[in-house]
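Remarks on the overall topology
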Amino acid sequence: MVTTGLRPRRSAALRLLVVAVALAGALFGGLLGGAAPASAHAALTGSTPAEGSVVDQAPEQVALTFSEGVAMGDDSIRVLDPKGKRVDRGKLRNLCSASTVKYGTGLPPGLGNGTYTVAWQAVSADSHPVSGAFTFSIGAPSKTTAPVAQQEAGGGLVGALYGIARALAYAGFVLLAGGAAFVVACRPAAARVRSVQRLVVQGWAVLTGTTVAMLLLRTPYTGSGDLSDVFDLGGLQQVLVTKPGAALVSRLLLLAAAALFVAVLFGAYARAQAPREDAPEGPDAPGDPAEEARRRKDLSFGLGIGGVIVATGLAATWAMAEHASTGLQPAIAMPVDVLHLLAVATWLGGLAALVVSLYWGPPVERTAVRRFSRIAFGSVLVLVATGLYQSWRQVGTWTALTGTTYGRLLLLKVGLVAVLVGIAWFSRRWTARLTEVRTPEAAYAAEAAVAAPDDEEADEPSEKAVTVPAAGTPTGKTARNDEEPAAGPAAGPAAGPAAEPTAAPATHSAAEPATEPATEPAAAATAEPDDPARAAQLARQQAALRTARSKRLRDADPERLGLRRSVLAEASVAVVLLVVTTVLTATEPARTEEAVKAVSGGQSATANQPQVLTVPFDTGGPGGKGTARIDLDPGRSGNANELRLRISDPNGRAKDVPEVKIEFTLKAKKLGPLTVVPRHTGKGHWRASGVLLPVPGRWQLSLLVRTSDIDQVTEFRNVKIG
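Definitions and cut-offs
Residues numbered from 1 in each chain as written. Predicted model: local features only at pLDDT ≥ 70, side-chain atom pairs only at ≥ 80, totals over all residues. Heavy atoms only, no water. Phe/Tyr/Trp six-rings, centres within 6.5 Å; stacked < 30°, edge-to-face > 60°. Helix = DSSP H or I, 4+ residues; strand = E, 2+ residues; numbered from the N terminus. Lys NZ or Arg CZ within 6 Å of the ring centre and 35° of its normal. Patch = residues over 30% accessible without salt bridge, like charges linked within 9 Å, V, L, I, M, F, W, Y side chains within 5 Å. Areas by Shrake-Rupley, 256 points an atom, 1.4 Å probe, with all protein chains shown as cover. Salt bridge = Lys/Arg side-chain N within 4 Å of Asp/Glu carboxyl O. Axes fitted to C-alpha atoms, helices over the stretch in contact; angles between N-to-C directions. Parallel < 35°, antiparallel > 145°, perpendicular 65-115°, else oblique. Left-handed = near helix turned anticlockwise from the far one by under 90°. Contact = heavy atoms within 4.5 Å. Nonpolar A, V, L, I, M, F, W, Y, C, P; charged D, E, K, R; others polar. Core = buried A, V, L, I, M, F, W, Y, C linked by side-chain atoms within 4.5 Å. Buried < 20%, exposed > 50% of the residue type's maximum accessible area, 1.4 Å probe, protein only. Pairing = 2+ DSSP bridges. 1 Å grid on protein atoms, 1.4 Å probe; cavity = no way out; pocket = protein on both sides within 12 Å on 5 of 7 lines; lining within 4 Å. Points joined across faces, edges and corners; volume = space filled by probe spheres on them. Polar contact = N/O pair within 3.5 Å; in protein donor to acceptor, adjacent residues only side chain to side chain.

1. Details of the packing of aromatic side chains
- In the structure shown here, the tally under the stated rule is eight aromatic pairs.
- Seen from their ring centres, Phe-173 and Trp-318 are 5.3 Å apart, and the 55° between their planes marks the pair as tilted. With a gap of 145 residues between them, Phe-173 in helix α2 (residues 156–186) and Trp-318 in helix α7 (residues 289–319) connect regions that are remote in the sequence.
- One aromatic cluster is present, built from ring pairs that chain together Tyr-170, Phe-173 and Trp-318.
- The ring of Trp-318 has Arg-251 lying over it, and the distance from NZ or CZ to the ring centre is 3.9 Å.

2. Points about a nonpolar patch on the surface
- Among the surface-exposed residues, Leu-240, Val-241, Val-249 and Leu-253 lie close enough to one another that they form a single nonpolar patch of about 380 Å² accessible area.
- One can find Val-249 in helix α5 (residues 243–265).

3. Quick look at the packing of helix α3 (residues 194–222) against α5
- Between α3 and α5, whose axes approach to 10 Å, the crossing angle comes to 160°. By the angle between their axes, α3 is roughly antiparallel relative to α5. Every pair of crossing elements has a handedness; the one defined by α3 and α5 is left-handed. For the pair formed by α3 and α5, the contact residues are Val-200, Val-201, Trp-204, Leu-207, Thr-208, Thr-211, Val-212, Met-214, Leu-215 and Arg-218 on the first element and Pro-244, Gly-245, Leu-248, Val-249, Arg-251, Leu-252, Leu-255, Ala-258, Ala-259 and Val-262 on the second.
- Here the residues of the contact of α3 with α5 are counted per class, giving 15 nonpolar, three polar and two charged.

4. A word on the nonpolar core
- Residues Phe-173, Leu-176, Leu-207, Leu-265, Leu-348 and Leu-354 are the most contacted members of the largest nonpolar core, which totals 78 residues.
- Examining the composition of this core, we find that 16 residues originate from one element, helix α8 (residues 330–359), more than from any other.
- Ignoring anything within four residues of it in the chain, the contact list for Leu-176 reads Val-200, Gly-203, Trp-204, Leu-207, Leu-255, Ala-258, Val-262 and Leu-314.
- With 26 residues, the next largest nonpolar core counts Leu-613, Leu-643, Leu-693 and Val-705 among its residues.

5. So, the packing of α2 against α5
- With their axes 12 Å apart at the nearest point, α2 and α5 run at an angle of 35° to one another. Crossing geometry of α2 relative to α5 is assigned as left-handed. When α2 is examined against α5, the residues Ala-169, Leu-176, Ala-180, Val-183 and Val-184 are found in contact with a partner set consisting of Arg-251, Leu-255, Ala-258, Phe-261, Val-262 and Leu-265.
- Here the contact of α2 with α5 is built from residues that sort into ten nonpolar, no polar and one charged.

6. A few points about the environment of Arg-698
- Locating Arg-698 in the fold gives a position in strand β17 (residues 697–706).
- Owing to a relative accessible area of 54%, Arg-698 belongs among the exposed residues under this scheme.
- When the C-alpha positions of Arg-698 and Leu-666 are compared, they lie 6.8 Å apart, and in sequence the two are 32 residues distant.
- For Arg-698, the residues in contact, after removing those within four places along its chain, are Leu-666, Asn-718, Val-719 and Lys-720.

7. Comments concerning the sheet that holds strand β16 (residues 685–692)
- Taking strand neighbours across the sheet as the criterion, the five strands line up as β10-β11-β12-β16-β15 in an open arrangement whose pairing is antiparallel. Only two strands of the sheet have a single neighbouring strand rather than two, namely β10 (611–618) and β15 (679–682). Sheet twist, expressed as the average angle between the axes of neighbouring strands with direction ignored, equals 25°.
- Pairing between β10 and strand β11 (residues 625–633): eight bridges, direction antiparallel.

8. Side note on empty space enclosed by the protein
- Under the definition given, this model contains four cavities of 30 Å³ or more.
- Its boundaries defined by the atoms lining it, the largest cavity holds a volume of some 100 Å³.
- Around the largest cavity sit Ser-127, Tyr-162, Met-214, Arg-218, Pro-244, Ala-247, Leu-248, Arg-251, Thr-317, Trp-318, Ala-321 and Glu-322, which together line it.
- Put simply, the parts of the chain that give the lining of the largest cavity at least two residues each are α3, α5 and α7.
- If you tally residues by element for the lining of the largest cavity, the top one is α5, at four residues.

9. Overview of the side chain of Thr-707
- Structurally, the position occupied by Thr-707 is in the loop between β17 and β18 (712–721).
- At 2.7 Å, the side chain of Thr-707 and the side chain of Thr-619 are in polar contact.
- Non-local contacts of Thr-707, meaning those with residues more than four positions away in its chain, are made with Phe-617, Thr-619, Gly-623, Gly-624, Val-657 and Pro-658.

10. What to know about unusual backbone geometry
- A cis amide bond, omega 0°, links Thr-48 with the succeeding residue Pro-49.
- Residue placement: Pro-49 occurs in the loop between β1 (44–48) and β2 (54–55).
- Residue Pro-673 is reached from Gly-672 by a cis peptide bond, and omega for that bond is 5°.
- You can see Pro-673 is positioned in strand β14 (residues 671–676).
- Even without glycine at this site, Lys-670 takes up a positive phi of about 55°.
- Mapped onto the secondary structure, Lys-670 falls in the loop between β13 (659–666) and β14.
- A relative accessible area of 77% means that Lys-670 is categorised as exposed.

11. Focus: the pattern of salt bridges
- Within the structure shown, the criterion is met by 14 salt bridges.
- Each of Asp-75, Arg-86 and Asp-88 takes part in a single network of salt bridges with overlapping partners.

12. Some thoughts on the sheet that holds β17
- Read across the sheet, four strands follow the order β14-β13-β17-β18 without closing on themselves; strand pairing throughout is antiparallel. Looking at the sheet topology across the chains shown, the edges are occupied by β14 and β18. Ignoring which end each strand starts from, the neighbouring axes of this sheet average 20° apart.
- Where β13 meets β17, seven bridges bridge the pair, whose relative direction is antiparallel. Bridge assignment links Thr-665 to a residue of β17, and that residue is Gln-700.

Given below as structure tokens:
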């Protein structure tokens, strides 16, 4: 009983493991970049009225200022009154001027006092949705029942699915472009290798499927967040006229051209690479060798030019709708981004093609490996040059590398690239030690020589075993079993009777590895020719023996064994690198974050807002209960802040008290107390201007309220000052 049939399962298990790692990495990157709301690439830097502010009269409009260009519509800014009713005029006002990005919506006259809610949503210039909400009050704050979405734009299930699709789209592009480049530029014979064909075709399928998915998900991703809106044809029509929608449609058109390219690559081009002994006879038989060489050269040149054009166009669909299309120097950044993506695809996609060639294909020639090594080295140089420019453009300063999320992710990416280059160095060492691929006859002769006993003169028999192989011994064509389909189950039994006479001379002990497969055809001769079950069993046994022998010969080459392991390690790190890259593209650029901090006095955008405190108190005497509301605007250190205080009774009506006093203390810096005595401006209202807090930090605010000659209380609260 032959038991070597387990070896193909190990190969399949390894293949499944690689695919599972790739899918898990893509899923992990999608969850990081999509499950949480996408980082706001366009940040809200200010508003009029400001968040939490109290204005004396109703404003004529609400205006929002952003850090970079955004796309907004008439429903992008909504103003809701305390009861949740929309009160804005429903028309977007474009207030942009020069480098200032500002939009607003008008308000009708005669709005009553109370707290109003502003809810806004936009799509930043790099295709990511952003949203937010804040409140302001007219006259005095009040309770509000205005509904505000708890889920930010780009979050939830739709955001997770969109993030996964983005990650898989990058992976599909890398496999499609890089795998095809490996075939055309490094190893034309790989066009006949089934594993390489599957890799490139699957890359095309993944990129096509994810592009369609992203196009359908754009409406809920940038809008309602409801997955059912993928079937909203009206929303899809609106998406098609946006820049991201146009980029996705362009990608689909280019993928149609890529399908034709792949068909020619694995059709006419693959047939042109077939050895002459494998070529068909008759009218399709090859002609003059020089003519065939010229035809292959022309076909390679045409595929090379066409492939570069299609790959460049596909890369441009990312550059025209992502980070490169907005911000600093977009005219330079977009071509640089295209070069960056092409270099990544050439290196990592070619690496994937080399992995599947080494593990699930005929032995890879030394010249092909060395050619890819040179191309990969050039790709790394392009990556370094374009990466340096992109880093300067998106980060800007050294401090932003460690002080922003984008900078820290960029450092992680650089570290992974360094690890990848380090492993590639070991791969280059193995490549330098490679020898040319041995023919199957030479390989079997080497096995026979090793297996022969020392005391036996085996030189001549071994040579005979090679020159006159036993039936079932793979010939040169059999060794290329991954290039062409198998002959079928009937091949085993049919060869049996004819092989039996030649099997006997081949059983010499000096050529034992060559005689082992001959037992299968011999057994086939004793089987009933009409027994299909037995024929199928013999066919499976022969396939198992061929696979086992191919693996044994493959592993007998220590240089190629070391190369396979180092290349597989490179591919594993490359999967993690693609995950980090996907997350990086969904993160707010460090330069934008730093610009927002500069506008807000060195703090985050949320720190550039008034500080509002609500402090209940009870002095213990008659009428001693009430609530104090303190507004500190803009709530920043080093600036003259304005403090507003309102005292109300338990029913919410403004009330006067004999004395109020406020003090600020920063215990960590041993500053304070800094006393503020506001002036009385009306019933229940006090105000103080020029409140200066010298340094940022968590200050302690103490509020003293006296309601009679003997009844008073001091309440303490912490307030963070930016």
